[in-house]
Amino acid sequence: MSREVRVRPSHLGPLLVGALLGAMIAGRIETAAACLAIALVAAAVAGARAPGPRWFAMLAVGIALAWALNIYLTPGRPLPAPWPRLLGRSPTREGLAHGLLLTLRMAGALAALQGLRSAWPGEVAADVAARALAPLQRLRVPILETRAMIGLSLRFMPLLESEARRIARVQDLRAGRAPRGLAERLRRRRAAIVPALVGALERAERVAMALEARHHGLRPIAPPADAARTPRAWAVAGAGTALVSALWRS
């Protein structure tokens, strides 16, 4: 009687990490495209939701800058018309290829990050990283302290983000009208940053006092539960993805 093997979202974490590292260090279009494909498939299997408009806007701005800078700053064979010259520089074929490579690398890294949010949500990622780096604790590397700091950051980040948005809306209401022009938008955001930072510092101080009053201690690194253990095959696949991308760069 065969036993059914169920792929849990947490099992795909090492593969997504390998795709993330591979996309960041890819030196060829083939490896960058492969890392992007692996990240997209693994993120879909892990149950990652489609990102919001801001995610796509950030990706589009990054892609546009990557193409423009690479096309005009990379030396090589000039592209024919109708490609225009800009500031005395001609667009090149090599820059076009480098722009495509950087676009695939950015897309692969962002897709892998989106998948990791579903595979290792919240403090799970901090626990996984702490278990992987646990041997460094013997060299006096503050692994436990770093994990506690990351865990607190992940817990309070949504709250701080919503509070910053609320302060920005209040500043817009106090102004009486919507901002006009880029300069006024920047002034509005600067006026909202200061009270948001003050509120974050005050909240951090209250949290520190509460933890001290409760005699909070750093919990030891516990092994994962049986249901959360990652099969070795997924770890090997993630390491292989990053290794192939690192070795196949020329």
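Each remark here, short or long, concerns the structure printed above.
The structure displayed is predicted, hence computed values, not measured ones. Here the residue index of a chain counts from 1 through its sequence in written order. It should be noted that, the model being predicted, local features are given only for residues of pLDDT at least 70 and side-chain atom pairs only at 80 or more, the latter also being counted only at that level, while totals for whole chains, interfaces and linings use all residues. Hydrogens and water are ignored here; the side-chain numbers use all heavy atoms of the structure.

A. Spatial organisation of the overall build of the protein. Strands here are runs of E lasting at least two residues and helices are runs of H or I lasting at least four, both read from the DSSP assignment and numbered beginning at the N terminus. When helices and strands are tallied, the protein shows eight helices and zero strands. When the helices and strands of the protein are placed in sequence order, the string is α-α-α-α-α-α-α-α. Rg of the C-alpha trace for the protein: 23 Å, well past the compact-globule value of 18 Å for 250 residues, more than 25% over. Overall, the C-alpha framework of the protein stretches about 70 × 70 × 40 Å when taken along its three principal axes. The burial tally for the protein puts 27% of its 250 residues in the buried class. At a minimum sequence separation of 6, the contacts of the protein that also span at least 24 residues come to 73%. A 1.4 Å probe and the Shrake-Rupley method give the accessible areas. Residues count as covered only by the protein chains that appear here. Summing over all exposed atoms, the protein offers an accessible surface of approximately 16800 Å²; the carbon and sulfur share of this is 66%. Radius of gyration: over C-alpha atoms. The globule rule applied is 2.2 Å multiplied by the number of residues raised to the 0.38 power. Three labels apply to residues, based on accessible area from a 1.4 Å probe with only protein chains included: buried if under 20% of the type maximum, exposed if over 50%, partly exposed otherwise in between. Residues are treated as being in contact if the distance between any of their heavy atoms lies within 4.5 Å.

B. Here's a closer look at the pattern of salt bridges. When a carboxyl oxygen of Asp or Glu is within 4 Å of a side-chain nitrogen of Lys or Arg, the pair counts as a salt bridge. One pass over the full model with this rule turns up four salt bridges. The residue Arg28 makes a salt bridge to Glu30 at a minimum N-O spacing of 3.4 Å.

C. Layout of helix 1 (residues 13-25). Its 13 residues place the ends of helix 1 19 Å apart at the C-alpha level, agreeing with the 18 Å of an ideal helix rising 1.5 Å per residue. Turning to helix 1, its buried residues number three or more, namely Gly13, Pro14, Leu15, Leu16, Gly18, Ala19, Leu20, Gly22 and Ala23. Tucked into the core, helix 1 has its buried residues touching helix 2 (29-45), helix 4 (93-119) and helix 8 (232-247). For a helix, the expected span equals 1.5 Å multiplied by the residue count minus one.

D. Highlighting the packing of helix 1 against helix 8. Interhelical geometry of helix 1 versus helix 8 gives an angle of 5 degrees and a closest axis separation of 7 Å. Compared by their axis directions, helix 1 and helix 8 come out roughly parallel. The residues of helix 8 that touch helix 1, namely those facing Pro14, Leu15, Gly18, Ala19, Leu21, Gly22 and Ile25, are Trp234, Ala235, Ala237, Gly238, Thr241, Ala242, Ser245 and Ala246. Gly counts as polar in this scheme, as do all residues outside two lists: the nonpolar Ala, Val, Leu, Ile, Met, Phe, Trp, Tyr, Cys and Pro, and the charged Asp, Glu, Lys and Arg. Taken together, the residues that form the contact of helix 1 with helix 8 break down as 10 nonpolar, five polar and no charged. Fitted lines through C-alpha atoms give the axes, limited to the stretch in contact for helices. The angle between two N-to-C directions lies from 0 to 180 degrees. Comment on the angle field: the value is read as roughly parallel under 35 degrees, roughly antiparallel over 145, roughly perpendicular from 65 to 115, and oblique elsewhere.

All quantities given are derived from atomic positions and should not be read as evidence of function.
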